[in-house]
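Report on the structure
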Amino acid sequence: MNFELTEDQRAIQDMAAAFTRDRITPFAAEWDETKVWPADVAKAAGELGFGSIYVDDEHGGCGLTRLESVLVFEQLSQGCPSTAAMISIHNMATWMIDTFGSDAQRARFVPSLASLEKMASYCLTEPGAGSDAAALKTKAVKDGDHYVLSGAKAFISGGGASDLYVVMARTGEDGPKGISCFVVESGTPGLSFGAQEKKLGWHSQPTAAVMFDDCRIPAENLIGGEGSGFRIAMQGLDGGRLNIGACSLGGATRALNEAVAYVKERRQFGRPIADFQALQFKLADMATELEAARLLLYAAAQKVSAKAPDATMAAAMAKRLATDTGFDVCNAALQLHGGYGYLMDYPIERLLRDLRVHQILEGTNEIMRVVISRTLLKD
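Residues numbered from 1 in each chain as written. Predicted model: local features only at pLDDT ≥ 70, side-chain atom pairs only at ≥ 80, totals over all residues. Heavy atoms only, no water.

**Examining the side chain of Arg241**
Its location among the elements puts Arg241 in helix H7 (residues 229–265). Within the structure, Arg241 has its side chain in polar contact with the backbone oxygen of Glu362 (distance 2.6 Å). Once residues within four sequence positions are removed from consideration, Arg241 is found in contact with Ala315, Lys319, Glu362, Gly363 and Met368. (Helix = DSSP H or I, 4+ residues; strand = E, 2+ residues; numbered from the N terminus. Polar contact = N/O pair within 3.5 Å; in protein donor to acceptor, adjacent residues only side chain to side chain. Contact = heavy atoms within 4.5 Å.)

Here it is as structure tokens:
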């Protein structure tokens, strides 16, 4: 076992850290306050390859592993977890097209997605199908050389702003075997969007319902064949869970660093509060728990890249631990700031709001426990 990053991995990490320092951190509070998606910054990230980290290099991807991906998202999220998470979702959707699409589909869609000239969203969740994703009701009916989609998706990151939507829809029987995967392009007649959701956090990225009203798309936009959509969706989520875990660790690392700086400066009872052993112990626990979650995440990333038999369970474990730990560490950092942590003058409250949703999306942490326990108990 080797716990050291390679020289190339450190270079990627440093590049992402520099980009975050220059293009994200100084502006993240403004994006949060004004609820504006920084499209220009996303395109600049695409120029560095951050729009297609683990996409094959044939059509402009970087061809890197899941470990390099989590290294990138750890750094980006130290500036803005919301923006980093949207780029993560785009990577997941792009990978699904690149991995399961035909040569023609890959050549058609992937180059512009790889560069983040165009942005992609992932459409699985519905108003009545959240954790029970296999119960989705959106339908796709074959009509000649087209499919006609009817239904709605909920809580879609990029809804109304993305250029492509990777959509799971039912083409057959009830349950997972009747689900297929489609690419729906922005501007397609019958494709519409709900109002932008008013959210606790993730303010820098658009989130809206995506609706299909007899939305007619070419049959050539079917990815991977009828009935393969649920498998595609779940494999995509393995990587998405790693990335969201990385976003939690990055945001929490920023919160820890802010807390360390604050307790050194804040004075009470005639001395810096960093001198109080109770706070020293709290910081020690925060750092230890983050490092433990980080090591599990890195190990899971290697298993997903290697297609290990227990990759899905490992990704679920890592996502559960990283997102729970990330939120807890951020919450502890806010407590260490006292009343100042509750003010928008400091980044802690924004980080806290952004990290909370990570325990819900890409599969709730309760569902992560289901995934893990089913693997443990199967014959």
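Following the structure, the description resumes.
**Examining helix H3 (residues 39–47)**
Quick reminder: α-helices carry 3.6 residues per turn. Residues three or four places apart thus point the same way. Regarding H3, the residues found buried are Val41, Ala42, Ala44, Ala45 and Gly46. In this fold, the buried residues of H3 make contact with helix H1 (7–24), helix H2 (28–34), helix H5 (81–100) and helix H6 (103–114). (Buried < 20%, exposed > 50% of the residue type's maximum accessible area, 1.4 Å probe, protein only.)

**Notes on the pairing of strand S5 (residues 179–185)**
Burial within S5 is extensive, with 6 of its 7 residues counted as buried. Here strand S4 (residues 164–170) pairs with S5 via 7 bridges, running antiparallel. For Leu164, the partnering residue across the bridge sits in S5 and is Glu185. Inspection of the sheet shows S5 paired to strand S8 (residues 222–223) by 2 bridges, in the antiparallel sense. Within the sheet, the bridge partner assigned to Cys181 lies in S8 and is Ile223. (Pairing = 2+ DSSP bridges.)

**A word on the packing of aromatic side chains**
In the structure shown here, the tally under the stated rule is 9 aromatic pairs. A ring pair is formed by Phe19 and Phe50, whose centres lie 6.1 Å apart and whose planes are at 80°; its orientation type is edge-to-face. In this pair, Phe19 sits in helix H1 while Phe50 sits in the loop between H3 and helix H4 (66–79), placing the two residues 31 residues apart along the sequence. Three or more aromatic residues joined by ring pairs form one cluster here, namely Tyr262, Tyr340 and Tyr346. Seen from the ring of Phe327, Arg356 lies directly overhead, with NZ or CZ sitting 5.7 Å from the centre. (Phe/Tyr/Trp six-rings, centres within 6.5 Å; stacked < 30°, edge-to-face > 60°. Lys NZ or Arg CZ within 6 Å of the ring centre and 35° of its normal.)

**Focus on the pattern of salt bridges**
All chains considered together, the criterion is met by 17 salt bridges. One salt bridge in this structure joins Arg108 and Glu185, with 2.6 Å as the shortest N-O distance. With Arg108 in helix H6 and Glu185 in strand S5, this residue pair connects regions lying 77 residues apart in the sequence. Exposure remark for Arg108: the relative accessible area of 37% places this residue in the partly exposed category. (Salt bridge = Lys/Arg side-chain N within 4 Å of Asp/Glu carboxyl O.)

**Remarks on H1**
When the terminal C-alpha atoms of H1 are compared, their 25 Å separation across 18 residues agrees well with the 26 Å that a helix rising 1.5 Å per residue should span. Within H1 the residues assigned to the buried category are Gln9, Ile12, Gln13, Ala16, Phe19, Thr20 and Ile24. On an axial view of H1, the arc spanned by its buried residues comes to 125°, and they lie on one face. Among the exposed residues of H1, those oriented more than 90 degrees off its buried face are Glu7, Asp14 and Arg21. If you follow the buried residues of H1, they end up packed against H2, H3, H4 and helix H8 (277–305). (Expected span 1.5 Å × (residues − 1). Arc of directions from axis to C-beta.)

**Re the packing of H1 against H4**
Interaxial distance between H1 and H4 falls to 8 Å at its minimum, and their mutual angle equals 20°. Taken together, the axes of H1 and H4 are roughly parallel relative to one another. Between H1 and H4 the crossing geometry is right-handed. The segment H1 lies against H4, with Gln9, Ile12, Gln13, Ala16, Ala17, Phe19, Thr20 and Ile24 engaging Leu67, Glu68, Leu71, Val72, Gln75, Leu76, Gln78 and Gly79. (Axes fitted to C-alpha atoms, helices over the stretch in contact; angles between N-to-C directions. Parallel < 35°, antiparallel > 145°, perpendicular 65-115°, else oblique. Left-handed = near helix turned anticlockwise from the far one by under 90°.)

**Some remarks on the environment of Gly60**
Within the secondary structure, Gly60 is located in the loop between H3 and H4. Of the residues examined, Gly60 reaches a relative accessible area of 51% and is grouped as exposed. Spatially, the C-alpha atom of Gly60 lies 7.3 Å from that of Ser115, the residues being 55 residues apart in sequence. With residues near it in sequence (within four places) discarded, Gly60 still touches Ser52 and Ala114.

**Quick word on the state of the cysteines**
All chains considered together, the criterion is met by 0 disulfides. Here Cys181 stays free of any disulfide, with the sulfur of Cys123 as its closest cysteine sulfur at 9.9 Å. No disulfide involves Cys330; its sulfur sits 13 Å from the nearest other cysteine sulfur, which is in Cys80. With a relative accessible area of 0%, Cys330 lands in the buried category. (Disulfide = S-S within 2.5 Å.)

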